[in-house]
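Structural description and commentary
Each chain is listed here by its residues.
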Amino acid sequence: MSRIGKLPIPVPAGVTVTVDEDNLVTVKGPKGTLSQKINKDIKVTQEGGEILVTRPTDSKPHKSMHGLYRALIHNMVVGVTKGFEKVLVMEGVGYRAQVAGKQLTLNVGYSHPVTFDAPDTIAFEAPAPTRIVVKGIDKQQVGAIAADIRAVRKPEPYLGKGIRYEDEHIRRKEGKTGK
């Protein structure tokens with residue numbers, strides 16, 4: 001049995017989970033609605049205040065899908081109740097971020113500012129000029145947009161300049177040495 005797949009998913013109060021005949025799981029909560037198509041072989045049932053994910057056989061494809069779909073459903077439940085966020089930190093002289101409405105503007109040493117428009121389910125915050133917070137209910141989308149922002153100016157190992165995740169550690173390299 002998959003250690004992740006066999007764990008039941010608790011459904012908090014205020015959250016409704018529906019599974020239709022097409023195996024489309026829809027989760028509605030206080031922060032919004034998310035849905036995910038589940039493979040027809042994987043069975044999703046709701047018993048009381050818990051969701052159970054089961055597989056028909058112990059074949060390798062079924063084992064891998066079992067844990068995957070359980071994790072995706074759990075992330076949807078967490079997303080519509082608490083939400084997800086990624087924090088990015090900018091290091092460099094003159095690097096700064098500004099949020100105007102649903103648009104993030106980065107000044108990271110290029111001749112022009114770089115702008116990002118937030119989708120409907122994503123919100124940007126800049127609590128400090130060198131910190132960016134990406135918030136949303138869809139974990140995949142929050143991670144993808146944070147990765148796109150980081151890719152604008154990846155952290156470099158010599159001076160440590162660039163945009164990095166808050167919990168990311170950049171290994172520093174030694175520079176050139178003279179004779």
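All of these numbers come straight from a predicted model, not from anything done at the bench. (Residues numbered from 1 in each chain as written. Predicted model: local features only at pLDDT ≥ 70, side-chain atom pairs only at ≥ 80, totals over all residues. Heavy atoms only, no water.)

Pairing geometry for strand 2 (residues 16-19) and strand 3 (residues 24-29), over 4 bridges, is antiparallel. Within strand 3, the residue paired with T18 across the bridge is T26. The antiparallel hairpin formed by strand 2 and strand 3 contains 4 residues in its connecting segment, where N23 sits at a positive phi of about 65°. (Pairing = 2+ DSSP bridges. Helix = DSSP H or I, 4+ residues; strand = E, 2+ residues; numbered from the N terminus.)

This part covers the sheet that holds strand 1 (residues 9-10). A sheet is described by the order of its strands in space; here 3 strands give the open sequence 1-6-5, paired in antiparallel fashion. Two strands bound the open sheet, and with one partner strand each, they are strand 1 and strand 5 (43-47). With 5 bridges joining them, strand 5 and strand 6 (residues 50-54) adopt antiparallel strand pairing. The residue of strand 6 that forms the bridge with T45 is L52.

Turning to the sheet that holds strand 2, a few remarks are in order. One open sheet accounts for 3 strands, arranged 2-3-4; its pairing is antiparallel. On the outer flanks of this sheet lie strand 2 and strand 4 (32-37), each paired with one strand and no other. Each strand of the sheet is rotated relative to its neighbour by a mean of 15°, with strand direction disregarded. (Axes fitted to C-alpha atoms, helices over the stretch in contact; angles between N-to-C directions.)

Below, the discussion takes up helix 2 (residues 139-152). The end-to-end C-alpha distance of helix 2, which contains 14 residues, comes to 21 Å, matching closely the 20 Å that a straight helix rising 1.5 Å per residue would cover. Those residues of helix 2 not exposed but buried are V142, I145, A146, I149, R150 and V152. Looking straight down helix 2, one finds that the buried residues subtend no more than 145° of arc, so they occupy a single side. For helix 2, the elements touching its buried residues are strand 7 (84-91), strand 9 (103-107), strand 10 (114-117), strand 11 (122-128), strand 12 (131-136) and strand 13 (162-165). (Expected span 1.5 Å × (residues − 1). Buried < 20%, exposed > 50% of the residue type's maximum accessible area, 1.4 Å probe, protein only. Arc of directions from axis to C-beta. Contact = heavy atoms within 4.5 Å.)

On their own, these measurements won't tell you what the molecule is for.
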